[in-house]
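A look at the structure
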Amino acid sequence: MGRRATVILVGVLAVVVLIGMAGLVWWFTRDEAPPVVDLASTVAQVDSSNPTTDDSEKPGATSSTTENPATSTAETTTSSVADTSRTDTEVSSADPSTELANALDGMWMVRVTEGAVDLREQPAVSFAGYRVDEVLAGGIGRNTAVGRTADVAGSIEISGGNLAAATVVVTMATLRTDDSHRDSHARGVLDPDEFPHAIFTLVEPLDLPAGMADGEAFSGSAQGALTIRGVTRSATFDLQAQVVGGTIVAVGSSEVVFSDYGVDTPTSISVISVEDHGVMEFQLIFTR
């Protein structure tokens, strides 16, 4: 009986040692966590991907050149008709700051990326995801797990220079980290087959800077309703946005307690525990 107990004990110790060694190998060979979303970095990426962009392409500029010739022609015609009906007094009394702010009015759609894209860096594409800390087995240390997907959709509406409405939809089954085993555990607790989407909807309008159409950056808090795994709760996202080359670039993040949405923390043989709270983040590029 004593011999059998010894064999079992040795076997258990061997498994623990193997897990620890595997953890060490993973720890030293793992990729660094992707950087936190950052407006300045994204703006630089978008700007560099549109080298021909100049001031005449800004929404508030006087040039009638746009990416869509048909739209440009229609806008020019409408503008000409409107101008002929305005008196000199009306023209002189117009508020330039109001006209500049209203230049952004209308619907803007999330620019969707076709095909595979590496989201470990901060490419000039729309994406959303999460960040959560893990405590690793064997006392190795802590790790930040980052899952992201470019499978996002949505729109915003700007009216009177204000952000009047916004909706963002994220396809949960396409979230990916740098570890396929972690992804499998995450899918198990998120249950994307039954709850395929996470959705954020703005519930309170936001005042945007009068000079935003001319490149002035916006920073503020977006109050909305966040739905994850079929559960909807109030959520506040720290939001930053800026107009770049005829697009609106927006980044944001929010602290989330997963249990509030019925999401259990995933388990793994190489991870002792996963924090019950994390950060949801997004980087979105909007076009008309």
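Residues numbered from 1 in each chain as written. Predicted model: local features only at pLDDT ≥ 70, side-chain atom pairs only at ≥ 80, totals over all residues. Heavy atoms only, no water.

1. Here's the deal with empty space enclosed by the protein
For the structure on display, the rule yields three cavities of 30 Å³ or more. Looking at the largest cavity, its volume works out to about 220 Å³. What lines the largest cavity is a set of 18 residues, among which I156, L163, A166, L239 and A250 lie closest to the centre. Only strand 4 (152-159), strand 5 (162-171), strand 6 (197-202), strand 9 (231-244), strand 10 (247-257) and strand 12 (277-287) provide two or more residues apiece to the lining of the largest cavity. When the residues that make up the lining of the largest cavity are grouped by side-chain class, the tally is 18 nonpolar, no polar and no charged. Empty space within the second largest cavity amounts to approximately 110 Å³. What lines the second largest cavity is simply A128, V168, V170, A198, I199, F200, L226, F237, M280, E281 and F282. Among the elements of the structure, strand 5, strand 6 and strand 12 are those that each provide at least two residues to the lining of the second largest cavity. (1 Å grid on protein atoms, 1.4 Å probe; cavity = no way out; pocket = protein on both sides within 12 Å on 5 of 7 lines; lining within 4 Å. Points joined across faces, edges and corners; volume = space filled by probe spheres on them. Helix = DSSP H or I, 4+ residues; strand = E, 2+ residues; numbered from the N terminus. Nonpolar A, V, L, I, M, F, W, Y, C, P; charged D, E, K, R; others polar.)

2. Quick look at helix 6 (residues 180-190)
Within the span of helix 6, buried status applies to R182, D183, A186, V189 and L190. Along the axis of helix 6, the buried positions cluster into a sector of 125 degrees, meaning they face one direction only. For helix 6, the exposed residues lying more than 90 degrees away from the buried face are S180, H181 and G188. Two to three positions downstream of the cap, the backbone nitrogen of H181 sits 2.8 Å from a side-chain oxygen, assigning the N-cap of helix 6 to D179. (Buried < 20%, exposed > 50% of the residue type's maximum accessible area, 1.4 Å probe, protein only. Arc of directions from axis to C-beta. Polar contact = N/O pair within 3.5 Å; in protein donor to acceptor, adjacent residues only side chain to side chain.)

3. Here's the deal with the confidence of the model for the protein chain
Scored by pLDDT, the protein chain comes out at a mean of 78, with 66% of its residues at no less than 70. When the criterion is pLDDT under 50, residues 19-30 qualifies, and its contacts beyond four places in sequence or with other chains add up to 14 contacts. Every residue in residues 60-94 is under pLDDT 50, and counting partners more than four places away or in other chains gives 16 contacts. (pLDDT = per-residue confidence, 0-100. Contact = heavy atoms within 4.5 Å.)

4. Digging into the packing of aromatic side chains
In this structure the tally under the stated criterion is two aromatic pairs. Pairing F200 with F237 gives two aromatic rings, centres 5.0 Å apart and planes at 70 degrees, and the pair type is edge-to-face. Here F200, found in strand 6, pairs with F237, found in strand 9; they are 37 residues apart in sequence, far enough to count as distant. Here F200 matches F237 in class, with each residue buried. Put simply, the rings of F200, F237 and F282 touch in pairs and so form one group of aromatic residues. (Phe/Tyr/Trp six-rings, centres within 6.5 Å; stacked < 30°, edge-to-face > 60°.)

5. Quick word on the environment of M172
Secondary-structure assignment places M172 in the loop between strand 5 and helix 6. Residue classification places M172 among the buried residues on the basis of a relative accessible area of 9%. Residues M172 and D191, 19 residues apart in the sequence, show an inter-C-alpha distance of 8.6 Å. Not counting the four nearest positions on each side in its chain, M172 is found in contact with L190, P192, F195, P196, H197 and A198.

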